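One letter stands for each residue in the lines below.
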Amino acid sequence: MHEHIVKSYESELSLLDRKIGQMGGLAEQMLGEAFGALEQRNPERARAVVANDSSIDQLQRELEEQAVIMIARRQPMANDLRQIMAVLKVAGDLERIGDLSKNIGKRALAISGETHPKPLITGLRHMVELTSRGLKDVLDAFGARDAEKALRVWRDDEQVDALYNSLFRELLTYMMEDPRNIGLCTHLLFGAKNIERIGDHTTNIAETVHFLARGFAIADERPKGDKTSSTMIHKAD
Amino acid sequence: MDATAVSRADIAASAPVKVVARGVDVYYGDKHALKDVSVAIPERSIMAFIGPSGCGKSTFLRCLNRMNDTISICRVTGSIVIDGADIYDTAVDPVELRSRVGMVFQKANPFPKSIFENVAYGPRIHALAATKADLDAIVESSLRKASLWDEVKDRLHDSGTGLSGGQQQRLCIARTIAINPSIILMDEPCSALDPIATARIEELMEELKQNYTIIIVTHSMQQAARVSQRTAFFHLGTLVEEGDTTSMFTNPREQKTQDYITGRFG
């Protein structure tokens, strides 16, 4: 790819990419820290995650402002236009990922005094690992304009959904076994839902990367695995 | 073939074609100015030719009404078919051709005559009006079509050269329309105009495309993106890419096109 004749335009475009990189790094870090706080029942770490969210929000505002100015001043075309549209969308998704991680942090704070059943935490950890890997890969794909890599992330989200389904059933079972678990399990359930939503935002980013790199949307229907909206568990009599 | 390629092909196939150029080469003496250009131009639409200076876009535009015939060292080969007939056929009268394929230039060039006479000149020499009333009617309707009537109706006998730049350009468009062409060629019609006058011409083009096939050469990518339905990108005498304007400016097929429209030529 050749550079722009106007160098300031080139540097504005690379600044957009760098800001996405920063936001992405923060989002990854928040997700990891939020789960770390939850797993270790560490209220300090949880508070730090909650506080961190404002930096992602700030970056998103800066990025939106810069994109609007660039549209007005540069009248971007072709891949430049797609880049500006893409960073706006990706920034929105990353901001939401930050919010959801913050939410996990808040729940970590709420249940930091309770003992967590080990299998449940293990399930959550798997979800976080898969989601973090997806997020990292999709951010790499964004940086490299790698549509193939983005497509792989997009398809792999099904695994996160599958884990969420089984965790959902498991948590319901725990709650039925002993109503004293309900408080803890509800927080863990919402935490799992937050992680599942982070996976969905990651697939949104994958779709945007595909559009950015190839110039058109992904044509397939994404394999969707989240079936919890229709899941019921009946108490065995 | 991907989805965009399919939709492009559909658009190209659906509209009736007004002009078909096949294997057009142009030489100015030894200089090979245009190389093997083939393109189909749909009727009642606006097609934009873009490309850096010297890329051949104006040369190709001037082939479409044989304006290049006026340059003695210029030689054109290949075929250009308008409404089913080859315009380079020896039987074709270039003067008659140019009445069907009108032209508007970069610099507004009204005759040093009254506004009325500027528009009446063509219909008079082509004997399009039988009576004075007919001629008045042609002048009025041409000026109306060129969105100039309301501004000049009370001073039709003032000199055309006394109008503002944008008004002069619309007067030239009225003069072109007066002899009832079906194609209007525009060579950088707005490059000497301010943004308001440019917007008026663009609005006018939008209206005119209901009845005319318009082909515009422009250095302003934004103008091409704003007004045209199809865009052709020329570079070093070849037609690099031609397609619907929307795809061209959001997702061009050729790297060269992308480099040019994004300002990365290098």
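What you are looking at is a predicted structure, and each value in this text was computed from that prediction instead of being measured. All residue numbers refer to positions counted from 1 along the written sequence of the respective chain. Each chain gets a letter, beginning with A, and each ligand a number, beginning with 1, in the order they are written. Owing to the predicted nature of the model, reporting of local features is limited to residues with pLDDT of at least 70; listing and counting of side-chain atom pairs is limited to 80 or more, with chain, interface and lining totals taken over all residues.

Broken down by element type, chain A carries six helices and zero strands. Its helices and strands in sequence order give chain A the pattern α-α-α-α-α-α, from N to C terminus. Viewed in the frame of its principal axes, chain A has a C-alpha envelope of about 75 × 40 × 20 Å. Taken across its 237 residues, chain A has 42% of its residues classed as buried. Whether two residues are in contact is decided by their C-beta atoms, placed from the backbone, lying within 7 Å. Residue pairs at least 24 apart in sequence account for 83% of intrachain contacts in chain A once pairs closer than 6 positions are excluded. Note on conventions: DSSP H or I runs of at least 4 residues are helices, E runs of at least 2 residues are strands, and numbering of each starts at the N terminus. Exposure in this text rests on C-beta crowding, where 20 or more other C-beta atoms within 10 Å of a residue's own make it buried, 12 or fewer make it exposed, and counts in between make it partly exposed. The C-beta atoms are placed from the backbone.

Okay, the overall build of chain B next. Scanning chain B from terminus to terminus reveals 11 helices and 10 strands. This radius of gyration counts C-alpha atoms alone. The globule rule is 2.2 Å times how many residues there are, raised to the power 0.38. The C-alpha atoms of chain B give a radius of gyration of 19 Å, which matches the 18 Å a tight globule of 266 residues would have. For chain B, buried positions account for 44% of its 266 residues. Summarising the internal contacts of chain B: among those between residues at least 6 apart in sequence, 69% fall at separations of at least 24.

The geometry of a pair of packed helices is captured by two quantities: the angle between their axes and the separation between those axes. Residue and element names in this part refer to chain A. Contact geometry for helix α3 (residues 78-110) and helix α6 (residues 182-214): axes closest at 9 Å, N-to-C directions at 170°. It follows that α3 is roughly antiparallel to α6 by the angle criterion. Of the residues contributing to the contact of α3 with α6, the split by class is 11 nonpolar, eight polar and six charged. Axes here refer to lines fitted to C-alpha atoms; in helices the fit is confined to the stretch in contact. Angles between the N-to-C directions go from 0 to 180 degrees. When an angle is under 35 degrees it counts as roughly parallel; over 145 it counts as roughly antiparallel; between 65 and 115 it counts as roughly perpendicular; any other value is oblique. Amino acid classes used here: Ala, Val, Leu, Ile, Met, Phe, Trp, Tyr, Cys and Pro are nonpolar; Asp, Glu, Lys and Arg are charged; the rest, including Gly, are polar.

Taken together, the contacts link 17 residues of chain B with 16 residues of chain A. Contributing elements (two or more residues each) for the side of chain B that touches chain A: α1 (3-14), α9 (221-227), α10 (245-250) and α11 (255-261) of chain B. Broken down by element, the side of chain B that touches chain A gets its largest block of residues, three residues, from α11 of chain B. Considering only residue class, the side of chain B that touches chain A consists of six nonpolar, eight polar and three charged.

Residue and element names in this part refer to chain B. For Asp83, which is not glycine, the phi torsion reads 50° and is therefore positive. Take Asp83: it is sitting in the loop between β4 (74-82) and β5 (85-86). Residue Asn180 is not a glycine yet carries a positive backbone phi of 60°. Checked against the element boundaries, Asn180 lands in the loop between α7 (165-177) and β7 (183-187).

Residue and element names in this part refer to chain B. The rule for pairing is simple: two strands pair if DSSP sees at least two bridges between them. Pairing in this open sheet of four strands is antiparallel, and the strands run β2-β1-β4-β5 from one edge to the other. At either end of the open sheet lies a strand with only one pairing partner, and these are β2 (31-42) and β5. Here strand β1 (residues 17-28) runs beside β4; their pairing, made up of eight bridges, is antiparallel. Its bridge partner being in β4, Val19 is matched across the sheet by Ile82.

What follows is about the pairing of β7 of chain B. Residue and element names in this part refer to chain B. For β7, the tally of buried residues reaches five of five residues, placing the bulk of the element in the interior. Alternating residues of β7 divide into Ile183, Leu185 and Asp187 and Ile184 and Met186, and every residue in both groups is buried. Summarising the sheet, strand β6 (residues 101-104) and β7 pair through four bridges and their orientation is parallel. Within the sheet, the bridge partner assigned to Met103 lies in β7 and is Leu185. Orient the strands so they point away from the viewer, and a crossover whose first-strand-to-second-strand path over the helix runs clockwise is right-handed. In this fold, β7 hands off to helix α8 (residues 195-208), which returns the chain to strand β8 (residues 213-217); that crossover is right-handed.

This next bit is on helix α4 (residues 118-144) of chain A. The α-helix advances 3.6 residues per turn, and as a result positions three or four apart in sequence lie on the same side. Expected helix span is taken as 1.5 Å per residue step, with the number of steps being one fewer than the number of residues. Between its first and last C-alpha, α4 of chain A extends 39 Å over 27 residues, near the 39 Å set by a 1.5 Å rise per residue. A positive backbone phi angle near 50° is found at Arg145 of chain A, which sits one or two residues after α4 of chain A.

What tends to happen in soluble globular proteins is that the nonpolar side chains get buried as a cluster. As used throughout, a nonpolar core is a set of buried Ala, Val, Leu, Ile, Met, Phe, Trp, Tyr and Cys residues joined through C-beta atoms within 7 Å of each other. Counting residues in hydrophobic clusters, the biggest one holds 73 residues, and the most contacted among them are Val24, Phe49, Ala174, Leu185, Ile214 and Ile215 of chain B. When residues no more than four places from it in sequence are discounted, the contact partners of Leu185 of chain B are Leu61, Leu64, Asn65, Val101, Gly102, Met103 and Ile215 of chain B.

Residue and element names in this part refer to chain B. When you line up the elements, Lys35 lands in strand β2. Classification of Lys35 as partly exposed rests on a count of 16 C-beta atoms within 10 Å. Put simply, Lys35 and Gly56 are 21 residues apart on the chain and 8.9 Å apart in space, counted from C-alpha to C-alpha. Residues in contact with Lys35, not counting those within four places in the same chain, are Asp25, Gly237 and Thr238.

Right, let's talk about the sheet that holds β8 of chain B for a bit. Residues and elements named next belong to chain B. In space, the six strands of this open sheet follow the order β6-β7-β8-β3-β9-β10, with mixed pairing throughout. Two strands close off the open sheet at either side, each with one partner strand: β6 and β10 (238-244). Ignoring strand direction, the axes of neighbouring strands in this sheet form an average angle of 20°. Against the sheet, α7 touches β6 and β7, its axis set at about 170° to β6.

Residue and element names in this part refer to chain A. Where helix α5 (residues 147-177) meets α6, the axes come as close as 9 Å, and the angle between the chain directions of the two elements is 170°. Between α5 and α6, the angle is such that the two are roughly antiparallel. Its residues assigned to classes, the contact of α5 with α6 shows 20 nonpolar, four polar and five charged.

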